[in-house]
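Take a look at the letters that make up each chain.
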Amino acid sequence: MNLRNLSADAKVLGGLGILLLALIALLNPERRDLHRPPVSPEIVAGAIEDGADHVTADDLAHMMVDKVPGLLLVDLRAPSDYASFHIDGSINIPLPLLFSEDNLAQLHAAGSTVLISTGGAHAAQAWTLLRAQGMENVVTLLGGLNYWMNVFTNPNPPPETAADPEVATFEFRRAVGAHLFGGAGEAVAAAAVEPTAPPVAPIQRPKKRGKGDEGC
Amino acid sequence: MGPLYKMGLFGEQTSFVFAFLIGIAFGFWLERAGFASGLKLALQFYFRDMSVLKVMFTAIVVCMLGLSYFNWMGWIDCTQVYINPTYLWPQLAGGLVMGVGFVIGGYCPGTCLVATATGKIDGMAYTVGALAGMFTFAEVFDWLADFYNSGAMGTVLIPQQFGIPRGYVVVAVVIMALLMFWGAERLERRFAK
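Residue positions are given per chain, counting from 1 as you read along its sequence in written order. As they are written, the chains are lettered A onward and the ligands numbered 1 onward, keeping that order. Only residues with pLDDT of 70 or above have their local features reported here, since the model is predicted, and side-chain atom pairs are shown and tallied only from 80 upward, although totals for entire chains, interfaces and linings are computed over all residues.

A look at the overall build of chain B
Turning to step 1, where the next piece is worked out: The helix and strand labels rest on DSSP assignments: H or I over at least four residues marks a helix, E over at least two residues marks a strand, and numbering proceeds from the N terminus. Check the secondary structure of chain B and you find nine helices and two strands.
Turning to step 2, where the next piece is worked out: The burial tally for chain B puts 15% of its 193 residues in the buried class. Between the buried cut of 20 or more and the exposed cut of 12 or fewer other C-beta atoms within 10 Å of a residue's own C-beta lies the partly exposed class, and all C-beta atoms are placed from the backbone.

The following block contains the structure:
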């Protein structure tokens, strides 16, 4: 069917029809949703329920070993805590400064961001705020640095009857521990208190835009 | 209720299936609108066949009114619909590059694929050119990165940016579309051979 074959009357009628539809849409009381947060609480709660809000220490170690592109580790503790110990490659953005424009831009630019705090609670709270603002590709480190240290400095040896995956996990943890803390990866938790870590690295802005872009 | 994917009605892999089906439908209807022909597409620049403008604005109006009503009825939550973030300068430059490419080659990135699928040689040449352009862009990305990220404004919507209720924007776009349909047909009659 060719549009040009439609009679002029039909075109005018069609035009008036869609104009009428648009005018009726004016009655839509939508002003309130201009002020709603971009992400509904149901979606945020659903993500928490699905476990989409966190990675485990093993997950994070694998991501670091695999050199996942665009990975940004954000340590939310105070600068003094960060200076005494931090995960190699993480940057320090103390929680109160997280929502500054520059820091949010940095998070938006990252491919995926892992929030790190001492026990994981502050990271989880920050995650909820970020997610509610529409930030995606953000997760927390489950259990925070406490669990991280525990897993890699003192991995539980599997029982002799353990299946291969358990042994593999143990070997992986020991290897990561040895890499992160030196030695055999045993009983070096002292590293957590010794101020041996390098000074705070200047924040480097990742060049690439997030890979999480949707749409065309 | 919607967007269905974001509300968790199905997972990522199922969403690929839907994307595949919607993509096929999109290509099919582009072809049915006659957009697999570079000649037909180019005729709009001579004001002799304004189908592209009419089809695109029809799609915009239908989609806009549909989303408005769906949002009103509570069938879709428009605040959850993904909107491309605005990067002002690179998007202006990109629009210009695409427009010039459209005038020179007679296709846009979607229609060149449709033309390729229907066996048009010029469409194939255009597709190969587009792929070469993507490759080149990726290779020189580091050099362009600062510009690529410049003018970041986040998600910009006319209602929020200018404080106009969305309903007025909808009416304004519909009136604009109707005026363009009317003007396009006048141009077609005037430049017809």
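Regarding the overall build of chain A
Turning to step 1, where the next piece is worked out: Each helix and strand in chain A was counted, giving eight helices and five strands.
Turning to step 2, where the next piece is worked out: Starting at the N terminus and walking to the C terminus, you meet the elements of chain A as α-α-β-α-β-α-β-α-β-α-β-α-α.
Turning to step 3, where the next piece is worked out: A total of 216 residues make up chain A; the buried ones form 22% of that total.
Turning to step 4, where the next piece is worked out: We call two residues in contact when their backbone-placed C-beta atoms lie within 7 Å. Nonlocal contacts in chain A, meaning residues at least 24 apart in sequence, comprise 68% of its contacts between residues at least 6 apart.

A short note on the confidence of the model for chain A
All names here are of chain A.
Turning to step 1, where the next piece is worked out: pLDDT is a per-residue confidence score from the predictor, ranging from 0 to 100. For chain A, the mean per-residue pLDDT works out to 78, and 77% of the residues sit at or above 70.
Turning to step 2, where the next piece is worked out: In the predicted structure, residues 31–36 sits below a pLDDT of 50 and forms five contacts with residues beyond four places in sequence or in another chain.
Turning to step 3, where the next piece is worked out: Overall, residues 183–198 carries pLDDT values under 50, and its contacts beyond four positions in sequence, including any with other chains, amount to 29 contacts.

A short note on the pairing of strand 4 (residues 112–116) of chain A
All names here are of chain A.
Turning to step 1, where the next piece is worked out: Extensive coverage of strand 4 is indicated by the burial of five of its five residues.
Turning to step 2, where the next piece is worked out: Because side chains alternate across strand 4, one face comprises the buried residues Ser-112, Val-114 and Ile-116, and the other comprises Thr-113 and Leu-115, equally buried.
Turning to step 3, where the next piece is worked out: In short, DSSP must find at least two bridges between two strands for them to pair. The pairing of strand 2 (residues 71–75) with strand 4 spans five bridges and is parallel. Paired with Val-74 across the two strands is Leu-115, which belongs to strand 4.
Turning to step 4, where the next piece is worked out: Following the chain from strand 4 across helix 6 (residues 121–132) to the adjacent parallel strand 5 (residues 138–141), one finds a crossover that is right-handed. With the strands pointing away from the viewer, any crossover whose connection runs clockwise from the first strand over the helix to the second is right-handed.

Observations regarding the sheet that holds strand 4 of chain A
To summarise the sheet geometry, strands pair through backbone hydrogen bonds and adopt either a parallel or an antiparallel arrangement.
Residues and elements named next belong to chain A.
Turning to step 1, where the next piece is worked out: The strand order across the open sheet built from five strands is 1-5-4-2-3, with neighbouring strands paired in parallel fashion. The open sheet has two edge strands, strand 1 (54–55) and strand 3 (91–92), and neither has a second partner.
Turning to step 2, where the next piece is worked out: Across the sheet, helix 6 is in contact with strand 4 and strand 5; its angle to strand 5 comes to roughly 170°. Only the stretch in contact is used when fitting a helix axis, every axis being a line fitted to C-alpha atoms; angles between N-to-C directions are given from 0 to 180 degrees.

Considering the pairing of strand 2 of chain A
Residue and element names in this part refer to chain A.
Turning to step 1, where the next piece is worked out: For strand 2, the buried fraction is high: four of the five residues fall into the buried class.
Turning to step 2, where the next piece is worked out: Here strand 2 pairs with strand 3 via two bridges, running parallel. Among the inter-strand pairings, Val-74 is bridged to a residue of strand 3, identified as Ile-91.

Thoughts on unusual backbone geometry
Turning to step 1, where the next piece is worked out: The backbone of A:Lys67 sits at a positive phi, close to 50°, despite the residue not being glycine.
Turning to step 2, where the next piece is worked out: Position of A:Lys67 relative to the elements: it lies in the loop between helix 3 (57–65) and strand 2.

As for the confidence of the model for chain B
Residues and elements named next belong to chain B.
Turning to step 1, where the next piece is worked out: Here chain B averages 88 in pLDDT, and 99% of its residues register 70 or above.
Turning to step 2, where the next piece is worked out: No element of chain B has a lower mean pLDDT than strand 2 (residues 152–154), which averages 78, and none a higher one than helix 6 (residues 121–139), which averages 94.
Turning to step 3, where the next piece is worked out: Both scores are available for the predicted complex, with the pTM at 0.57 and the ipTM at 0.71.

So, helix 4 (residues 88–105) of chain B
Side chains three or four residues apart in an α-helix point the same way, a direct result of the helix having 3.6 residues per turn.
Residue and element names in this part refer to chain B.
Turning to step 1, where the next piece is worked out: Helices are assigned an expected span. That span is 1.5 Å times one less than the residue count. Between its terminal C-alpha atoms helix 4 stretches 25 Å, which fits the 26 Å expected from 18 residues at 1.5 Å a residue.
Turning to step 2, where the next piece is worked out: Taken across its 18 residues, helix 4 has one buried, putting it largely on the surface.
Turning to step 3, where the next piece is worked out: Positive phi shows up at Gly-106, right after helix 4, with a value of about 85°.

Describing the packing of helix 1 (residues 12–32) of chain B against helix 5 (residues 109–117) of chain B
A pair of packed helices can be characterised by two numbers: the angle between their axes and the separation between those axes.
Residues and elements named next belong to chain B.
Turning to step 1, where the next piece is worked out: In the contact formed by helix 1 and helix 5, the axes pass within 10 Å of each other and the chain directions differ by 80°. For the element pair helix 1 / helix 5, the angle class is roughly perpendicular. Residue-level contacts link Gly-27, Leu-30 and Glu-31 of helix 1 to Gly-110, Thr-111, Leu-113, Val-114 and Ala-117 of helix 5. An angle below 35 degrees is read as roughly parallel, one above 145 as roughly antiparallel, one from 65 to 115 as roughly perpendicular, and any other as oblique.

Here we look at the nonpolar core
Most often, soluble globular proteins have nonpolar side chains that are buried together.
Residues and elements named next belong to chain A.
Turning to step 1, where the next piece is worked out: Put simply, a nonpolar core is buried Ala, Val, Leu, Ile, Met, Phe, Trp, Tyr and Cys residues tied into one set by C-beta atoms within 7 Å. One finds Val-74, Val-114, Leu-115, Ile-116, Leu-141 and Trp-148 to be the most contacted residues of the largest nonpolar core, which totals 27 residues.
Turning to step 2, where the next piece is worked out: Mapped by element, the contributors of at least two residues to this core are helix 3, strand 2, strand 4, helix 6, strand 5 and helix 7 (144–153).
Turning to step 3, where the next piece is worked out: Examining the composition of this core, we find that five residues originate from one element, helix 7, more than from any other.

Section: the packing of helix 1 (residues 8–25) of chain A against helix 3 (residues 51–73) of chain B
Turning to step 1, where the next piece is worked out: It is the contact of helix 1 of chain A with helix 3 of chain B, at a shortest axis distance of 10 Å, that shows an interaxial angle of 35°. In this structure, the crossing between helix 1 of chain A and helix 3 of chain B has a hand that is left-handed. Residue-level inspection shows A:Ile18, A:Leu21, A:Ala22 and A:Ala25 of helix 1 of chain A in contact with helix 3 of chain B, the latter providing B:Val61, B:Leu65, B:Ser68, B:Tyr69 and B:Trp72.
Turning to step 2, where the next piece is worked out: Lys, Arg, Asp and Glu make up the charged group, whereas Ala, Val, Leu, Ile, Met, Phe, Trp, Tyr, Cys and Pro make up the nonpolar group; the residues left over, Gly among them, are polar. When grouped by side-chain class, the residues that make up the contact of helix 1 of chain A with helix 3 of chain B number eight nonpolar, one polar and no charged. Crossings are assigned a handedness: left-handed for a near helix turned anticlockwise from the far helix by less than a right angle, right-handed for a clockwise turn.

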